[in-house]
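The residues making up each chain are set out below.
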Amino acid sequence: MGISVMTESTQHEATRRNSLLEAAHEEMVKFERKENEFRRKDRQERAAELHLPLDAIKVH
């Protein structure tokens, strides 16, 4: 009986940990999207201030 309780507890912990890891990953993806959008807008604004043709420059 002690082994099955430990196994259930371990499975529950693993499920919880995986759930938390998945949530953290989703938050990181959201953050990276926002950061990329911010950087894109910032490049566009700086290019406009400097009168640089961003269309001609390939930004990766």
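The rules we used
Residues numbered from 1 in each chain as written. Predicted model: local features only at pLDDT ≥ 70, side-chain atom pairs only at ≥ 80, totals over all residues. Heavy atoms only, no water. Helix = DSSP H or I, 4+ residues; strand = E, 2+ residues; numbered from the N terminus. Buried < 20%, exposed > 50% of the residue type's maximum accessible area, 1.4 Å probe, protein only. Areas by Shrake-Rupley, 256 points an atom, 1.4 Å probe, with all protein chains shown as cover. Salt bridge = Lys/Arg side-chain N within 4 Å of Asp/Glu carboxyl O.

Visitor: Mind showing me how you'd approach the overall build of the protein chain here?
Guide: Of regular secondary structure, the protein chain possesses one helix and zero strands. Looking at the 60 residues of the protein chain, the share that counts as buried comes to 2%. With the model as given, the accessible surface of the protein chain reaches about 6,000 Å², and the carbon-plus-sulfur share is 57%.

Visitor: It is not clear to me how the pattern of salt bridges should be interpreted in this structure. Could you clarify?
Guide: Should the charged atoms of two oppositely charged side chains come close, the side chains can pair. As enumerated under the stated definition, the model contains four salt bridges in all. For E35, the salt bridge goes to R39, with nearest N and O atoms at 3.0 Å. Within this pair, E35 and its partner R39 are both found in helix α1 (residues 2-50), separated by four residues, close to a single helical turn. Here E35 falls in the partly exposed class, since its relative accessible area comes to 26%. With a shortest N-O distance of 2.5 Å, R40 and E37 are connected by a salt bridge. Of the two residues, R40 and E37 both sit in helix α1, three residues apart, roughly one turn of that helix. With a relative accessible area of 33%, R40 lands in the partly exposed category. For E37, a relative accessible area of 33% gives the class partly exposed.

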